[in-house]
Amino acid sequence: MASAAFANRKKLVLFDVDETLTLARQAASQEMLDTLAALRKKAAIGFVSGSDMKKIEEQLSVRGTQGYQSILDAWPTETSTPAIQAFDYAFYENGLVAYKLGEALPSDSFILYVGEERYKRLVNFLLHYIADLDLPIKRGTFVEFRNGMINVSPIGRNATLQERKDFNQFDQANGVRAAFVKVLREKFADYGLTFSIGGQISFDVFPNGWDKRYALSRVEDEQFEEIHFFGDKTDPGGNDHEIFSDPRTIGHTVEGPSHTIRLLKELFLDH
Ligand code: M1P
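As the structure is a computational prediction, the values presented were derived from the model and not from experiment.

The rules behind the values
- Residues numbered from 1 in each chain as written.
- Predicted model: local features only at pLDDT ≥ 70, side-chain atom pairs only at ≥ 80, totals over all residues.
- Heavy atoms only, no water.
- Core = buried A, V, L, I, M, F, W, Y, C linked by side-chain atoms within 4.5 Å.
- Buried < 20%, exposed > 50% of the residue type's maximum accessible area, 1.4 Å probe, protein only.
- Helix = DSSP H or I, 4+ residues; strand = E, 2+ residues; numbered from the N terminus.
- Contact = heavy atoms within 4.5 Å.
- Pairing = 2+ DSSP bridges.
- Axes fitted to C-alpha atoms, helices over the stretch in contact; angles between N-to-C directions.
- Near = heavy atom within 4 Å.
- Polar contact = N/O pair within 3.5 Å; in protein donor to acceptor, adjacent residues only side chain to side chain.
- Areas by Shrake-Rupley, 256 points an atom, 1.4 Å probe, with all protein chains shown as cover.
- Nonpolar A, V, L, I, M, F, W, Y, C, P; charged D, E, K, R; others polar.
- Parallel < 35°, antiparallel > 145°, perpendicular 65-115°, else oblique.
- Left-handed = near helix turned anticlockwise from the far one by under 90°.
- Salt bridge = Lys/Arg side-chain N within 4 Å of Asp/Glu carboxyl O.

Caption draft 1: Expanded view of the nonpolar core. Phe15, Leu39, Phe47 and Leu60 are the most contacted members of the largest nonpolar core, which totals 29 residues. The set of elements that each furnish at least two residues to this core consists of strand E1 (11–15), helix H1 (30–40), strand E2 (44–48), helix H2 (53–60), helix H3 (83–86), strand E3 (89–92), strand E4 (97–100) and helix H9 (257–269). With five residues, the top contributor of residues to this core is H9. Residues within four places of Phe15 in sequence aside, it is in contact with Thr20, Leu21, Leu36, Leu39, Ile45, Gly46, Phe47, Val48, Phe229, Phe230, Thr260 and Leu264. In terms of nonpolar packing, the next biggest core, distinct from the first, is built from 28 residues, Leu122, Tyr129, Leu133 and Val152 among them.

Quick look at the structure:
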């Protein structure tokens, strides 16, 4: 049954996070938060990220008057608003972990889909492959196990912001991740998995079909008149491509957060 919260907001606007609402792995600007708050008066809003909840809360929690706060801080104040509350829909891990109007929706499990034995073969291969990679530097957490996917990083997820940028440049010149996923697609062809390069230092691995379109199945009950999607990696191969080109959405390609703000003003706010 349609929620009363959407009675006067028949459009849904969904956003990728990194390089769409924020710079990669950084907090949203005040201008972005203000723009989203204005938009929310006219349309339902949501984000769809490959990232997990911890990272998104660092990026999208709304700062209060007493400074930046997140639900993960030790001393939250009354002025902080977690991302789950600041958006009508919060879709983490492509929507496998989902909240609607602050309430959790049922989630699905990567490990149940793959099975322990097959997962063990996959993760053993990943770790051997990474051990044999000759990169300028390596850090820690090479495989991050999440609810609806795993995330694999040749440099390791503990890399600092500067180390991320350096790896990203190295990767663009040397195709480290592209070569890695090519091998995986061949070697694990029978696993039914998608290997998707979405961010700067890693790639996501999830069952076929559990890309960002998964989130669309979770909004069907509201029968929105229009569903817009804004993302930066909308070309084929990018992790926004499937939802961007899905017939259920009106897709918008952006070049970064300031471009997103400009488009939101033009399309929804300046009239
Ligand atoms: O931009 C989305 C991606 O963000 C992170 O990628 P990276 O750490 O490589 O920049 C990850 O959370 C990844 O899962 C996600 O798809």
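Read on for the rest.
Caption draft 2: Up close: the sheet that holds strand E7 (residues 150–152). In spatial order, the strands read E6-E7-E9-E8; together these four strands make up an open sheet with antiparallel pairing. Each edge of the sheet is formed by a strand with only one pairing partner; in this case those strands are strand E6 (143–145) and strand E8 (193–196). The average angle at which neighbouring strand axes cross in this sheet is 20°, direction not considered. Two strands pair when backbone bridges link them, and E7 and strand E9 (residues 203–207) are joined in this way by three bridges, in the antiparallel orientation. Following the sheet pairing, Val152 is matched in E9 by Phe203.

Caption draft 3: The arrangement of the site of the ligand in detail. Around the ligand, the structure places 14 residues, and the nearest of them are Ser51, Arg157, Arg164, Ser202 and Asp204. Separating an oxygen atom of the ligand from a backbone N or O atom of Ile201 is a distance of 2.9 Å. At a separation of 2.6 Å, an oxygen atom of the ligand approaches a polar side-chain atom of Ser202. Its free accessible area being 390 Å², the ligand has 98% of it covered by the protein chains. In the shell around the ligand, the residues fall into one nonpolar, eight polar and five charged.

Caption draft 4: Here's a closer look at the packing of helix H5 (residues 116–131) against helix H7 (residues 176–187). Two elements in contact, H5 and H7, have axes separated by 12 Å at closest approach and are oriented at 150°. Judged by the inter-axis angle, H5 sits roughly antiparallel to H7. Note that H5 runs across H7; the crossing there is right-handed. Contacts between H5 and H7 involve Leu122, Phe125, Leu126, Tyr129 and Ile130 on the former and, on the latter, Ala179, Phe180, Val183, Leu184 and Lys187.

Caption draft 5: Region of interest: the pattern of salt bridges. Applying the stated criterion to the full structure yields 24 salt bridges. Taking the shortest distance from any N to any O, the salt bridge between Asp171 and Arg177 comes out at 2.7 Å. Neither Asp171 nor Arg177 differs from the other in exposure class; each is buried. For Glu220, the salt bridge identified is with Arg248, shortest N-O distance 3.4 Å. Here Glu220, found in the loop between E9 and strand E10 (226–231), pairs with Arg248, found in the loop between helix H8 (241–245) and strand E11 (250–253); they are 28 residues apart in sequence, far enough to count as distant.

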